[in-house]
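# Fold and geometry: a report
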2 protein chains.
Amino acid sequence: MSSKPAIGFCGLGAMGFGMATHLIKQGYTVTGFDVWAPTLEKFKAAGGTPSTSLSESAKDKQYYICMVATAQQAQTAIFGDDGIVKGLPKGATLLLTSTVPSAYAKSVEKELKDIGRDDIFFIDAPVSGGAIRAADGTLSIMAGASSEAISKGKFLLDELTAPSKLFIVEGGVGGGSNLKMVHQVLAAIQILAVSEAFGFAARLGLNGKDVREAVIAGKAWSWMFENRSVRTLSEDYFPGASAVTIILKDTGIITSTARLHNFPTPLCSIAEQVYLAGLDKGFGPQDDAGLVRLWTNTPVSSIESTLSDSEKQSKLDLVTDLLAAIHLVSAVESITFAKHVGLPLPQLYELAVEAAGGSAMFKEFGAKIIPVLEGEDSGEGNVLEEYLQGLKKAVEEAQSMKCPLFLGSGTLNLLLQAGKSEDLASLLKLYTV
Amino acid sequence: MSSKPAIGFCGLGAMGFGMATHLIKQGYTVTGFDVWAPTLEKFKAAGGTPSTSLSESAKDKQYYICMVATAQQAQTAIFGDDGIVKGLPKGATLLLTSTVPSAYAKSVEKELKDIGRDDIFFIDAPVSGGAIRAADGTLSIMAGASSEAISKGKFLLDELTAPSKLFIVEGGVGGGSNLKMVHQVLAAIQILAVSEAFGFAARLGLNGKDVREAVIAGKAWSWMFENRSVRTLSEDYFPGASAVTIILKDTGIITSTARLHNFPTPLCSIAEQVYLAGLDKGFGPQDDAGLVRLWTNTPVSSIESTLSDSEKQSKLDLVTDLLAAIHLVSAVESITFAKHVGLPLPQLYELAVEAAGGSAMFKEFGAKIIPVLEGEDSGEGNVLEEYLQGLKKAVEEAQSMKCPLFLGSGTLNLLLQAGKSEDLASLLKLYTV
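Residues numbered from 1 in each chain as written. Chains lettered and ligands numbered in written order. Predicted model: local features only at pLDDT ≥ 70, side-chain atom pairs only at ≥ 80, totals over all residues. Heavy atoms only, no water.

It is worth spelling out the UniProt feature "domain: 3-hydroxyisobutyrate dehydrogenase-like NAD-binding" (unreviewed entry) in chain A at this point. All names here are of chain A. Here the UniProt feature "domain: 3-hydroxyisobutyrate dehydrogenase-like NAD-binding" (unreviewed entry) sits at residues 174-294 and 318-430. End-to-end, the C-alpha atoms of residues 174-294 are 36 Å apart, and along that stretch the chain is 68% helix and 0% strand. Secondary structure content for residues 318-430 is 72% helix and 0% strand, while the C-alpha to C-alpha distance between its ends is 26 Å. (UniProt positions renumbered as here; feature names shortened; annotations may be inferred. Helix = DSSP H or I, 4+ residues; strand = E, 2+ residues; numbered from the N terminus.)

Now the structure itself:
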């Protein structure tokens, strides 16, 4: 019999199932709840203890992990008539690992107090990394809580994360969700950028394989591009690995929180509208890489390029220039929002540079943006001009082909709004008035 | 026999045919060229002299009007092997009434000089008002030229325009096209706003007739909404009266000229991408009012509202708040661009307030924006807050319904970028760095 504590778990989806079964493999007894019966059977086969009642799944558990899909589901799971808090013993530790608005995470803390259950140690701990890393216990986790709660839950956070991938955010509950949110600013923009770039490239007559090679070799590289493009090239969208609805949900958290804060997120908002347009086309449950079909119905890997080598190169340059500029401004949008919600910027940098939000431009410009926002650098000096010029050519070419570039044109307008100096300080000011 | 001079005319499309036949009715002898043979027959039946050669149509004509669709067509018509200048006698007056980039109009003047034909008095004179007003001789015309050329051509401009609808722009050739362009900033944004508002309203469960009534009664009124909504309600899109390709062409002139000037046009750029998305759906040759089908396939006049009166009113308020905010920022985008290209702002105001770009918000805020841009008013004072709050509610509701609001969310981000003071000065600065 295990000497490790018993864990309660609810939300056995792709991520949750991986996390819960990883804990089982590490020797924990895990009681799992899910509304989907076949999942419970699978969970039992994997060595878990299935439960058909939330309160029962929490009974006598000093540790509980809630990994449902949305804040709305979390609210029912935690506080519903048969909810988790009904079962949790005094002094238990509750981890909410779903991606939710920071304001929601704070409301959980408040409601626990309001109903006289502030004996519960609550940790706001959204995760990142995908189903494979969930099952390996090598997720990234962004955790915010009281120091007492963190002390209690630290061993569990350690079990679920890779070394150096646990980011404990100062400031208590809400900080974890905020850090995840500003990371997702990068994801929200860069996921759509993959399809916009492939769609543009297809209309330029470029084969998708050539595009992938050119993008991942240099300044246009992003983690999302490298990851998603595999599925773009094989049209692996049904369902693929990450549905449009997932990034749309995260994008909605960003833009709704931004509205609450009176903070502009122009590129995320553009991405959100295009995701919604994809939803209208029925792409919601399909992989987000399939959004390229908003531009072309021809599989991008089957495009036969008739271009000369030099023509091909100059067209590939348009695509990489498009992406580099989008990634640059996405870095600005993410880091300025992080500053606005009071997050430590180096922590975001450390997290994102090696995570799903990473890009060559984030790496290079993140390191330049942070000192400006922290008052250690003036941000003067024309560092944006080359990206502006490259992007202009891409947008001009797209216009002549009647190819929509939602993010590309939005990014161009932001660079133009920054004005003649084309320095970082001016671009940052668009977000920090 | 007429004592009025003989006129040459090319481009007998909907607008050109009306203009040319109006001149015939006024007693002019008009020789008309068009590439489309049936049109020439119709022109003959209307009393015109058809010609199948451009240079022939210009032979011995002291006055010539070129009303083709694009700058590319104009270039061939004017300077081609069988072009107009081959036929025009010494000292003739040539009016280019097509909507073209200002840079193109200037290039015509230069090319005339380069080929030794600066004896020709060239007038850059784009028109506005639609086919009915063209045939009535009550168009608006925006004319730029040397004072000698204006003197020569004035009687013709007067024949084609309504009293007080001839706008002679200072600064020579290019000014007419620039004035038309900044007017079309309003048109480009407000045409899409019609469909975005109806699409949003449809998803709110509102009947299109109720929407039209609420919009045209108050602050959300625009000339475009009043005009287009007639066709939206009757689904009169095939071909309707004004194709998507027409406003897309004008939008392209705006954004490409803006790029040349390093000027941001964020809302026009958003509109352009959505027009391109409409093109991809095959809507190009159909009426622009049909873009509402990007949001709903149900005819908006057939939606049966099950809402209570107060629910209906609060949803109608969301729609009018959406439009008012978009129209407000479209006024800013138009007027700041006018300033950037050196146009006299009161002239734009006088033109647009009673033309197709007019809106209740343009009327109110145009009068506030111009003194700020002319340094006569500080632009301080929180005048934007109520529009920001109204728009936020609309965007929030749209988000909860998963309804894309391309212009609405773009407008919201610009208002948020303007920052806490929510004064005009801050909003204008986004365009005038």
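The next thing to look at is the interface of chain B and chain A. In this assembly, 39 residues from chain B lie in contact with 40 residues from chain A. Summing both sides of the interface, chain B and chain A together bury roughly 3,200 Å²; the carbon and sulfur share of this comes to 53%. On the chain B side of the interface with chain A, the three residues burying the most area are Arg259, Gln399 and Gln417 of chain B, jointly 23% of the side's total. In this structure, the connection of chain B to chain A is made through two salt bridges. A salt bridge links Asp280 of chain B to Arg203 of chain A; its shortest N-O distance comes to 2.7 Å. At the boundary of chain B with chain A, the tally comes to 23 residue pairs in polar contact (both at pLDDT 80 or more). Counting only elements with at least two residues in the side of chain B that touches chain A, the list comes to helix H12 (244-260), helix H13 (266-280), helix H17 (385-401) and helix H18 (406-417) of chain B. Ranked by residue count, the leading element in the side of chain B that touches chain A is H13 of chain B, at eight residues. For the side of chain B that touches chain A, the per-class residue count stands at 20 nonpolar, twelve polar and seven charged. (Contact = heavy atoms within 4.5 Å. Buried area = accessible area lost by both parts, 1.4 Å probe. Salt bridge = Lys/Arg side-chain N within 4 Å of Asp/Glu carboxyl O. Polar contact = N/O pair within 3.5 Å; in protein donor to acceptor, adjacent residues only side chain to side chain. Nonpolar A, V, L, I, M, F, W, Y, C, P; charged D, E, K, R; others polar.)

The next point concerns the pairing of strand S6 (residues 121-124) of chain A. All names here are of chain A. Pairing of strand S5 (residues 93-96) with S6, which is carried by four bridges, proceeds in the parallel orientation. When the bridges of S6 are listed, Leu94 appears paired with Phe122. A crossover links S5 with its parallel partner S6, the connecting element being helix H6 (residues 102-114), and its sense is right-handed. (Pairing = 2+ DSSP bridges. Right-handed = clockwise from strand over helix to strand, strands pointing away.)

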